[in-house]
Structure formats: C-alpha cells, structure tokens
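Observations on the model geometry
The chain contents come next:
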Amino acid sequence: MTKRQRYSLNKTKYLLEPEAELLEQTLTRFAEKDRRNVLLIELALRTGARAQELLNLNRSDLNAFEETVLIRGLKGSSDREIPLPRALFQRLMEFVKIIDQEKIFDVTYNRFRDIWVVYRPVPKKLHALRHTFAIRLFKKTKDLRLVQMALGHRNITNTMVYADYVYSQSELRKLIL
C-alpha cells in the first residue's frame, strides 16, 4: 500500500497580498452595484469557508448579537462560528432583509465559480480564497489550533500545510536575502 503524498501549498494556490488587496478594492467598488456576488466573495475571503459551505448558509446561521456566521462543515469537517468585521456583517444583514427566503445565496456552485472568474484579480481557483484566509490568519496569530478551528479541520495534519508553508518561506527569505 502506498502512502498518500501530503498536500503542499505554493503561490498558485492562494492570493498573494497585492492580489488580495486588489480583490478587496474591486469588491469595495462593486459592493452596492452587485451586492449578492460581492458578499459571497467577501465571505469566502473573510471566513475561509468552502464554496458549498457558503452556498448552504441560512438566515438562522447569522448571530446578530455576536456578529458571527455559523459555517456548517462539509467533507467531515466541524461546524464553526466565525466573527465578521462589523461593516461586512451589517451589509450581510441588510441583504438578508431584502431576500424572501431562508437560504441566503440561492446560486449553484458553478454559478459561484463563474462569479469568481469575473472578480478574481489573477487566474486562481475559487478555493484560493480559503487558503488565503488560512495563511493570513496563521501569519497574524502563529496559532495553528486557531487556524484548525477556523477551517473546521478535524485533523491538525490538514492544517499543518499552512504552518509548514509560512515557516519555510520566511526561513528561506532570511537565509537567502
């Protein structure tokens, strides 16, 4: 039996900081004109949720008191409650008020991918938003357990790819530059 090779990150699998900043500027520019789609991408970037986890969001998953969103885990991952920046949460609540359904985003996965293609700053996959969230969170906190919880990973080994990648990049930079 062969051992499965461990997943590894590289710069094609997440948004580099200038790319993420460009995306955020674009989203700000279109926040009013394209409310639903901008919210969907912003939530992906700010929660680290998988695409389908976001598409499964219901009104009841929003906690107005805590300004959090409950992400119901898929692929064997854990449910988790993620706090949102106040302005984003308020825009999400305003959007929820104008839709007449329990499900917040009534779009298919393929449609979500098409929306991403329109907004993405570089040709990277939609899942890059999840990796971007995780790398940013790890760089900010250096707390692997927190990243594990935020992503809903049940096994810390899955989360280790972020620590390994950030560590190897920073150490190489110190040695080479």
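Scroll up a little and you will see the structure.
The rules we used
- Residues numbered from 1 in each chain as written.
- Predicted model: local features only at pLDDT ≥ 70, side-chain atom pairs only at ≥ 80, totals over all residues.
- Heavy atoms only, no water.
- Buried < 20%, exposed > 50% of the residue type's maximum accessible area, 1.4 Å probe, protein only.
- Helix = DSSP H or I, 4+ residues; strand = E, 2+ residues; numbered from the N terminus.
- Arc of directions from axis to C-beta.
- 1 Å grid on protein atoms, 1.4 Å probe; cavity = no way out; pocket = protein on both sides within 12 Å on 5 of 7 lines; lining within 4 Å.
- Points joined across faces, edges and corners; volume = space filled by probe spheres on them.
- Nonpolar A, V, L, I, M, F, W, Y, C, P; charged D, E, K, R; others polar.
- Phe/Tyr/Trp six-rings, centres within 6.5 Å; stacked < 30°, edge-to-face > 60°.
- Salt bridge = Lys/Arg side-chain N within 4 Å of Asp/Glu carboxyl O.
- Pairing = 2+ DSSP bridges.

1. Considerations on helix H5 (residues 109-119)
Every buried residue belonging to H5 is among Phe112, Ile115, Trp116 and Tyr119, and all of these are buried. Summarising the axial view, the buried residues of H5 lie within an arc of 100°, below the 170-degree limit, and thus occupy one face.

2. Observations regarding the layout of surface pockets
Space inside the second largest pocket adds up to approximately 270 Å³. As for the second largest pocket, its lining consists of 14 residues, and the residues nearest its centre are Arg46, Pro83, Phe133, Leu137 and Lys140. When residues of the lining of the second largest pocket are assigned to their parent elements, the largest contribution, four residues, is made by helix H6 (residues 128-141). When grouped by side-chain class, the residues that make up the lining of the second largest pocket number 10 nonpolar, no polar and four charged.

3. Notes on the packing of aromatic side chains
Scanning the model with the defined rule gives three aromatic pairs in all. Ring centres of Phe95 and Phe105 lie 5.9 Å apart, and the angle between their planes is 20°; this geometry places the pair in the stacked category. Taken together, the residues Phe95 in helix H4 (residues 86-98) and Phe105 in the loop between H4 and H5 connect sequence positions 10 residues apart. Considered together, Phe95 and Phe105 belong to a single accessibility category, that of buried residues.

4. Points about the pattern of salt bridges
In this structure the tally under the stated criterion is 10 salt bridges. Salt-bridge contacts for Arg91 lead to Glu42; the nearest nitrogen and oxygen are separated by 2.6 Å. Of the two residues, Arg91 is situated in helix H4 and Glu42 in helix H2 (residues 35-47); the sequence distance between them amounts to 49 residues. Residue classification places Glu42 among the buried residues on the basis of a relative accessible area of 13%.

5. Some remarks on the pairing of strand S2 (residues 68-71)
Across two bridges, strand S1 (residues 62-63) lies against S2 in antiparallel orientation. Each residue of the ladder has a partner; that of Leu62, found in S2, is Val69. What sits between S1 and S2 in their antiparallel hairpin is a turn of four residues, with Glu67 showing a positive phi close to 55°. Both S2 and strand S3 (residues 80-83) contribute to a ladder of four bridges, which runs antiparallel.

6. Quick look at unusual backbone geometry
One non-glycine residue with positive phi stands out, namely Glu67, at about 55°. Within the element layout of this structure, Glu67 appears in the loop between S1 and S2. Positive phi outside glycine occurs at Lys142, with the angle close to 55°. With respect to the element layout, Lys142 can be found in the loop between H6 and helix H7 (144-151). On the accessibility criterion, Lys142 (54% relative accessible area) is exposed.

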